[in-house]
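Architecture at a glance
Single-letter residue listing:
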Amino acid sequence: MLRDFVVEALELATNVEDHLLTLERHPDDKEVLNAVFRAFHTIKGGAGFVNLPAMVSACHLTENLFDALRTGAAPVTPIAIEAALQASGFVADQLNELSNGADPASLAPMPKDLEDILTHAIKGDGGAPAAPPAAKPAPAAAAAEPEAATGNSVGAGGELDWEALYRAVTPQTGAAAETAPAAATAAPAKAPEEAADPTASPTFVDRRKPAAAGNAKEETIRVDAVKLDALLEVAGESVQAANQASVLLEKLQQFKFEGSAASLMTTLAETLNRAARYSTELQRATLSTRMQPVGRLFQKFPRLVRELAKDLGKDVELSITGAETEVDRVVVDSLYDPLVHMLRNSLDHGIESAEDRLAAGKTAKSTISLKAWQEASSVMIEIYDDGKGMDPAMLRKKAISKGLIGENDAQSVDEALQLVFLPGFSTKEVASSVSGRGVGMDVVKTAVEKHRGSIRIDSVMGKGTRFSIRLPIELSIIPTMLVRTAGAALALPMALVQRVVELPDSFSEVGGAPVMRDQGRPLPVHSLAGVLGYDHTPGAERVGIVMAVPQPYILSVETVEGTADLVIKPLTAIHTNGVTGTARSAEGELVLVVGLAFLLDGCRSKIAA
């Protein structure tokens, strides 16, 4: 029961932070006030049931605060928002400790500072009212909790409050108790979705979405992620087995069968087709269980940006779009630290002070946008700030002074911008609590490439900087083009394949490197066997694959053998330049999968060597 409580309460606590930041911008939003009240109330009930007194105390005081805010007894002030955020953080910290296996008895009590700030906020200390009072003044006897005690609407424009548990655990005055039945009867039925079962357990429901809380409980089941991973593994292997069986059947059908043998072959073909179809559907359904919206990750960042901007003395607004974009849960879980580093980097290095922005003709308030969208079989995540941009010459000079590169390295703008990903690189002379130790962006690149992704930087001086992350939507199965060169079977991610062309007998050269003109543009030609270190015969690769990358080039191979969705097994024990995993073809042959980041970089690591 404790585990189930922690999972549900963590989700509520995360949503609370999002609501509080919304309330800071729209202090008169009754819907948000009610949502925050319900969330703390639900967490308090569960915490009391599993005996977590510190959490109960924090939630109870915060619940009192929001009861006062939504009735107009206390104003929505900055101190009220700050108090609620601190309470939410305290609750989330305790839940995370429990999630990591802490003993409930070892949890810290509620801090005195938190109790004090909540008490002051309830009394209305700390600033002028930011929200108008309730539409109709409540009687003095019922002022403390008119809505929760009576279960009716707030004034004429509120919503039905069905939280019977609140009425059960909170003392009611005589006036409140007497007015409850009459007020509940008089409350108009606003819409079908606002009605709820009064006997149901309180839960956090977004009233802007017409969803029935009761049905959600019945239709949802929690499954251990390890079990889903095992199921996906089995589904992938079943598809692989079905593909191999189909290949064997094609080879058998080359022989002549007569009589009952021919009839059996026909039945076998039909059975294998059905098995292949069902295994593919099983694989697709299993994959969908692992997909999660990136909004689950993005909703953690508004508060982080708000507090860090406050510490740095900067006025920053975070804009989030594409939160509904779905990606493999492993990617969602592993992207938190990289995105935190990138947001901190934008706030500390990219965004100027208000004075500098005004002097440059910009608005005092800066914007950081966080976007996500699907592109082919990849998910794109972009962080853009409208700050001062990055100076390639300064980056190169700093890297040389630190001994990270030579005098003749990183000559192009793109190469200079990529220097920020070098371990130990930092433009700060003195390390601070935010940045300056030269580890943040290195962590970002490592984490992205670990999941066969890539990261690119585009920056314009005085305008801003854009970080673009490309990741596979699903980690275990990817569409690939199967090629062969120097006797090796290789797979290239289809997301980067633009088209296949025939190569000429000889090439033009630029700087000693082969170049081929494709659709009017000269493109460099790289030998796949050469960049991977295979022994190969020059001129044997007569097929070119035009790569759809920011700086296009042609990859030469000996033959193209088709396309296939492969189940990828990552390389963990060894590191091979350019290769990120292995797979089995339909014929059962071992195939090496060429890395997405390696191809996006123009096979640069091997060429530079």
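Please refer to the structure higher up on the page.
Right, let's walk through the structure included here. Owing to the predicted nature of the structure, the values given are computational and were not obtained by experimental measurement.

From N to C terminus, the protein includes 22 helices and 19 strands. For the protein, the proportion of its 609 residues judged to be buried stands at 45%. Sequence-distant contacts in the protein: of pairs separated by 6 or more residues, those separated by 24 or more amount to 69%. Accessible surface computed for the protein: about 30200 Å², of which carbon and sulfur atoms make up 55%.

A word on the pattern of salt bridges. Taken as a whole, this structure holds 19 salt bridges when the rule is applied. A salt bridge links E589 to R484, with the nearest nitrogen and oxygen atoms 2.9 Å apart. Separated by 105 residues along the polypeptide, E589 in the loop between β18 (579-584) and β19 (590-594) and R484 in strand β8 (residues 477-485) bring together distant segments of the chain. Exposure remark for E589: the relative accessible area of 32% places this residue in the partly exposed category. With its nearest N and O atoms 2.2 Å apart, the salt bridge here joins R499 to D518. Taken as a pair, R499 in strand β10 (residues 497-502) and D518 in strand β12 (residues 513-518) lie far apart in primary sequence, 19 residues in all.

The next point concerns the packing of aromatic side chains. By the definition in use, this model includes one aromatic pair. Between F301 and Y336 the ring centres are 5.7 Å apart and the planes differ by 10°, which places this aromatic pair in the stacked class. Of this pair, F301 sits in helix α13 (residues 301-312) while Y336 sits in helix α15 (residues 336-350), and the two are 35 residues apart along the sequence. When its relative accessible area of 30% is taken as the criterion, Y336 is described as partly exposed.

What follows concerns the environment of P552. For P552, the position within the fold is in the loop between β14 (543-547) and β15 (553-557). Exposure remark for P552: the relative accessible area of 25% places this residue in the partly exposed category. Measuring from C-alpha to C-alpha, the distance between P552 and R521 comes to 9.8 Å, with 31 residues separating the pair along the chain. Setting aside anything within four residues of it in sequence, one finds P552 in contact with R521, L523, P524 and M547.

Now for the pairing of β18. Direction of pairing for strand β17 (residues 569-570) relative to β18: antiparallel, over a ladder of two bridges. Bridging from a neighbouring strand, P570 pairs with G581 of β18. By the bridge criterion, five bridges tie β18 to β19 in an arrangement that is antiparallel. The partner of G581 across the bridge, within β19, is V593. Hairpin connection, β18 to β19: the antiparallel pair is bridged by five residues, and G588 has positive phi, about 90°.

Looking now at unusual backbone geometry. Not every positive phi belongs to a glycine, and N51 is a case in point at roughly 65°. Note on placement: N51 falls in the loop between α2 (30-49) and α3 (53-71). According to the relative accessible area criterion, N51 is exposed, its value standing at 59%. Of note, Q519 is a non-glycine position whose phi angle comes to about 50°, a positive value. Tracing the backbone shows Q519 in the loop between β12 and β13 (521-527). Owing to a relative accessible area of 64%, Q519 belongs among the exposed residues under this scheme.

A separate point is the sheet that holds β18. Ordered by their spatial adjacency, six strands build an open sheet running β16-β8-β9-β19-β18-β17, and the pairing between neighbours is mixed. Every interior strand has two partners, whereas the edge strands, β16 (559-567) and β17, have only one. Note that strand β9 (residues 488-493) and β19 share two bridges and pair parallel. The residue of β19 that forms the bridge with A491 is V593.

With that settled, the discussion passes to the nonpolar core. Formed by 48 residues in total, the largest nonpolar core has its most connected members in F5, M55, F66 and L95. Contributing elements (two or more residues each) for this core: α1 (2-25), α2, α3, α4 (78-99) and α5 (112-123). Contact partners of M55, with chain neighbours within four places excluded, come to F5, I43, A47, F90, V91, Q94, L95 and L98.

Bringing a nonpolar patch on the surface into the picture now. Together, L252, F255, F257 and L268 give the surface a local cluster of nonpolar side chains, amounting to about 360 Å² of exposed area. Tracing the chain through its elements places F257 in the loop between α10 (225-252) and α11 (260-290). Given the relative accessible area of 33%, F257 is considered partly exposed.

The side chains of a regular strand alternate between both faces of the sheet. Among the five residues in β15, five count as buried, and that is most of the element. Alternating residues of β15 divide into Y553, L555 and V557 and I554 and S556, and every residue in both groups is buried. Sheet topology places β13 next to β15; three bridges connect them, and they run parallel. Among the inter-strand pairings, S527 is bridged to a residue of β15, identified as S556. Where β14 and β15 come together, five bridges link them in antiparallel fashion. Note that in β15 the partner of V543 across the bridge is V557. Here β14 folds back onto β15, and the loop between the two strands holds five residues.

What counts, and where the lines are drawn
- Residues numbered from 1 in each chain as written.
- Predicted model: local features only at pLDDT ≥ 70, side-chain atom pairs only at ≥ 80, totals over all residues.
- Heavy atoms only, no water.
- Helix = DSSP H or I, 4+ residues; strand = E, 2+ residues; numbered from the N terminus.
- Buried < 20%, exposed > 50% of the residue type's maximum accessible area, 1.4 Å probe, protein only.
- Contact = heavy atoms within 4.5 Å.
- Areas by Shrake-Rupley, 256 points an atom, 1.4 Å probe, with all protein chains shown as cover.
- Salt bridge = Lys/Arg side-chain N within 4 Å of Asp/Glu carboxyl O.
- Phe/Tyr/Trp six-rings, centres within 6.5 Å; stacked < 30°, edge-to-face > 60°.
- Pairing = 2+ DSSP bridges.
- Core = buried A, V, L, I, M, F, W, Y, C linked by side-chain atoms within 4.5 Å.
- Patch = residues over 30% accessible without salt bridge, like charges linked within 9 Å, V, L, I, M, F, W, Y side chains within 5 Å.

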